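Secondary and tertiary structure notes
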Amino acid sequence: MTAEAEAARGGGSAGARGRLGSVALVIGGIVSLQFGSSVAVLLFPRAGALGVVTLRLVAASLVLLIVCRPKLRGHSRGDWATVLAFGVALAGMNSLFYQAIDRIPLGAAVTLEFLGPLILSVATSRRVLSLVWAALALGGVVLLGREGFDGLNVAGAGFALAAGALWAAYILLSARTGQRFPQADGLALAMTVAALLSLPLGIASAGGALLNPVTLGLGAAVALMSSVLPYTLELLALRKLPASGFAVMMSLEPAAAATAGFLVLHQALGWAEILAIGLVVVASVGAVRSAGSGSHG
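None of the values given here were measured: they were computed from a predicted structure.

A closer look at the nonpolar core
Ranked by size, the top nonpolar core spans 80 residues in total, and within it L90, Y98 and L187 carry the most contacts. With 16 residues, the single largest contributor to this core is helix α1 (residues 2-68). In this view, L90 contacts Y170, L187, A190, M191, A194 and Y231; residues no more than four positions away in its chain are not counted.

Section: the side chain of Q34
Take Q34: it is sitting in helix α1. With relative accessibility at 7%, the residue Q34 sits in the buried group. Excluding residues within four positions of it along the chain, Q34 makes contact with E253, A256, A257 and A260.

A word on the packing of helix α3 (residues 106-124) against helix α5 (residues 154-180)
Contact pair α3 / α5: the axes reach a minimum separation of 7 Å and the direction vectors enclose 35°. The handedness of the crossing between α3 and α5 comes out as right-handed. Mapping the contact onto sequence places A109, L112, E113, F114, L115, G116, P117 and L120 in α3 and A157, A160, L161, A163, G164, W167, A168, I171 and L172 in α5. In terms of residue class, the contact of α3 with α5 is made up of 14 nonpolar, two polar and one charged.

Observations concerning unusual backbone geometry
A positive phi angle, close to 45°, is found at R69, a residue other than glycine. By the element assignment, R69 lies in the loop between α1 and α2 (77-101).

Observations regarding empty space enclosed by the protein
Going through the model one piece at a time under the given rule, you end up with one cavity of 30 Å³ or more. Looking at the largest cavity, it is lined by 16 residues, and the ones nearest its centre are L33, R56, M93, E113 and Y231. Elements supplying a minimum of two residues to the lining of the largest cavity: α1, α2, α3, α5 and α7 (213-237). Split into classes, the residues belonging to the lining of the largest cavity amount to nine nonpolar, three polar and four charged.

Let's talk about the packing of aromatic side chains
Applying the stated criterion across every chain, the model contains five aromatic pairs. With centroids separated by 6.4 Å and ring planes inclined at 70°, the aromatic side chains of F114 and W167 adopt a geometry described as edge-to-face. Remark: W167 occurs in helix α5 and F114 occurs in helix α3; sequence separation between them is 53 residues. In this pair, the class of F114 matches that of W167, namely buried. Through pairs of rings, three or more aromatic residues link up here, namely F44, F97 and Y98.

Digging into the pattern of salt bridges
Counted under the stated rule, the structure contains one salt bridge. With its nearest N and O atoms 2.6 Å apart, the salt bridge here joins D79 to R180. Here the residue D79 occupies a position in helix α2, and R180 occupies one in helix α5, the gap between them amounting to 101 residues. A relative accessible area of 10% means that D79 is categorised as buried. Residue classification places R180 among the partly exposed residues on the basis of a relative accessible area of 37%.

Focus: helix α6 (residues 185-206)
With 22 residues, α6 extends 30 Å between its outermost C-alpha atoms, agreeing within 8% with the 32 Å of an ideal straight helix rising 1.5 Å per residue. In the structure, α6 departs most strongly from a straight axis at S198, where the bend amounts to approximately 35° and where the proline P200 lies between one and four residues downstream.

So, a nonpolar patch on the surface
A cluster of nonpolar side chains, contributed by V63, I66, V67 and L224, occupies part of the molecular surface with about 370 Å² of accessible area. No other element matches the three residues that α1 contributes to the nonpolar patch. Of note, V63 is situated in helix α1.

Conventions adopted
Residues numbered from 1 in each chain as written. Predicted model: local features only at pLDDT ≥ 70, side-chain atom pairs only at ≥ 80, totals over all residues. Heavy atoms only, no water. Core = buried A, V, L, I, M, F, W, Y, C linked by side-chain atoms within 4.5 Å. Buried < 20%, exposed > 50% of the residue type's maximum accessible area, 1.4 Å probe, protein only. Helix = DSSP H or I, 4+ residues; strand = E, 2+ residues; numbered from the N terminus. Contact = heavy atoms within 4.5 Å. Axes fitted to C-alpha atoms, helices over the stretch in contact; angles between N-to-C directions. Left-handed = near helix turned anticlockwise from the far one by under 90°. Nonpolar A, V, L, I, M, F, W, Y, C, P; charged D, E, K, R; others polar. 1 Å grid on protein atoms, 1.4 Å probe; cavity = no way out; pocket = protein on both sides within 12 Å on 5 of 7 lines; lining within 4 Å. Points joined across faces, edges and corners; volume = space filled by probe spheres on them. Phe/Tyr/Trp six-rings, centres within 6.5 Å; stacked < 30°, edge-to-face > 60°. Salt bridge = Lys/Arg side-chain N within 4 Å of Asp/Glu carboxyl O. Expected span 1.5 Å × (residues − 1). Bend = angle between axes of the 7 residues up to and from the residue. Patch = residues over 30% accessible without salt bridge, like charges linked within 9 Å, V, L, I, M, F, W, Y side chains within 5 Å. Areas by Shrake-Rupley, 256 points an atom, 1.4 Å probe, with all protein chains shown as cover.

Structure, rendered in structure tokens:
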């Protein structure tokens, strides 16, 4: 019995280390994504919202295809259906969000978009405590975006809410893709689908501006920071982190966006924003701890 107890304790500590490692992957992805979004904002005057999305997705798909070299044979019809759905979610989520921040302030857009993962976190968790963490996260997110809601553009708000719905779909499809494909192969294939879907829109919108060397270079940087790194890290994290805990950890997105906006775009942070960041951090930590203690499989 002692040997069994030791083995169980060893397995428990390994599981805890795995969850902590997954949390670190998610946080790294969030930081990379938001700093990439700041660079994307600087690109809008050069290529427009749809042009930037196209540059980002095409460059990301090329990098992932070269690095992963995914195998096209040996996959079931269900595997391909998952990849196609994941690609559609990626293209739609990115395009809608960039349309939103082209019309409304970034804080308001991220706040509205986060409602998707927040609803998902409550719907997929069986613990009552998850409602508390979700409410705390929502309070922080609303506080963070409060200044952007005055005179909000209706179309911009609609784009952000639609992006949030696809964000929730992205979380579920990313987890499913990670289970069906080795390493980041499924992500590489889904990113290629997303790039092909966005390419006609980007060309129609930006035209020759997409071929400008400076624009191409900045677009490649946005692709690495906003797509390749965060999506790969999140896909790996979702193999060990429950979807409910992951979804509430996404409440760190507005906090990271505010920090990136301050450092890159020189957008000042007030006391309310700092308080909001504290609330979402506490909610995220609480959600992950409760998800870890409440799940055994």
